[in-house]
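Notes for the structure review
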Amino acid sequence: MTIQEIVEQAMTNGYLTPTMEAEVGRICDKASELAVEEYQALDRLMGALLTGQVTAVPRKQFINVMEELVLSEAITKVSAIEASNNVALDLGDIAAYALNRLPPLYATTEEGATYQRKRAQDDLIDMIAEQVQSAIARSLDQPEFFPERQALTTKDETKSILNQMTSLLQEYAPDYAEPVNVA
């Protein structure tokens, strides 16, 4: 997306998401100099943000307590298996598999997170252990189909997911489409 498209979408929707904000930042970082239209779009966005016409959606202000509970359980079980066997397990795969089979426990405050942790300890601890164990069993039984696959990275790492996807597409479909120069 271009800066103008992002600004137009923000104006239409009335909010600027963290993803939209990051994309504008990425475009600005990559460009050695912005076009007049891009500066005008940014100025329009700034004015809309200052007047309240557009609201900036804050970054993550909630947590899924289930993630920390599953990770804790998975780390405990995986480290015990890896210590006793000559096997390496992918903690991310195991946690994702288990999390996809468990209810989310979102909280926006510390009190809410404490409540969700207590609820999980009282009602869901056996289900968490069962799903983590199932994920580990599945991981141990699964052959390594794509040993060259790469894990997702965070925005702090050198290659963004978008860059990885672009590289992947360029590698597998180099002649699919020529880049279009927009003036």
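In this text the structure is predicted, and so the values were computed from the model without any measurement. Residue indices begin from 1 for each chain and proceed along its sequence in written order. Where totals are concerned, whole chains, interfaces and linings use all residues; where local detail is concerned, this predicted model gives features only for residues with pLDDT of at least 70, and gives and counts side-chain atom pairs only at 80 or more. In computing side-chain values, all of the structure's heavy atoms are included and hydrogens and water are not.

In terms of helices and strands, the protein carries seven helices and four strands. Here a helix means four or more residues in a row that DSSP labels H or I, a strand means two or more in a row labelled E, and each is numbered from the N terminus. Of the regular secondary structure in the protein, the N- to C-terminal order runs α-β-α-α-β-β-α-α-β-α-α. Residue exposure (1.4 Å probe, protein chains only): buried if accessible area is under 20% of the type maximum, exposed if over 50%, otherwise partly exposed. The buried share of the protein, taken over its 183 residues, is 23%. Two residues form a contact once any of their heavy atoms are found within 4.5 Å. Of all intrachain contacts in the protein linking residues separated by at least 6 positions in sequence, the fraction that spans at least 24 positions is 70%. In the form shown here, the protein has an accessible surface area of approximately 13300 Å², with 54% of it arising from carbon and sulfur atoms. Methods summary: accessible areas were calculated by the Shrake-Rupley approach with a probe of 1.4 Å, and residue burial reflects only the protein chains presented.

Turning to the nonpolar core, a few remarks are in order. Within the largest apolar cluster, 22 residues are counted, with the highest numbers of intra-cluster contacts made by Met66, Val70, Ile94, Leu105, Ile128, Val132 and Ile136. Going through the elements one at a time, α4 (65-84), α5 (91-99) and α6 (110-141) are the ones with two or more residues in this core. Apart from the residues within four sequence positions on either side, Val132 is in contact with Val70, Glu73, Ala74, Lys77, Ile94 and Ala98. Ala10, Val24, Ala41 and Val54 belong to the second largest nonpolar core, which has 14 residues in total. Residues grouped as a nonpolar core are buried Ala, Val, Leu, Ile, Met, Phe, Trp, Tyr and Cys residues, joined through side-chain atoms within 4.5 Å.

As for its placement among the helices and strands, Glu38 is situated in helix α3 (residues 36-51). Once you skip the residues sitting within four places of it in the chain, Glu38 turns out to touch Ile3, Gln4 and Ile27.

What follows deals with the pattern of salt bridges. Opposite charge on two side chains lets them pair, provided their charged atoms get close. When a carboxyl oxygen of Asp or Glu lies within 4 Å of a side-chain nitrogen of Lys or Arg, that pair is called a salt bridge. Throughout the structure, instances matching the rule amount to five salt bridges. Here Glu73 makes a salt bridge to Lys77, at a shortest N to O gap of 3.0 Å. On the criterion of helical spacing, the pair formed by Glu73 and Lys77 is a turn pair, its members being four residues apart in helix α4. In this structure, the salt-bridge partner of Lys118 is Asp122, at a minimum N-O distance of 2.9 Å. Taken together, the residues span about one helical turn, with Lys118 and Asp122 both in helix α6 at a distance of four residues.

Without other data, these values stay purely geometric and don't point to any function.
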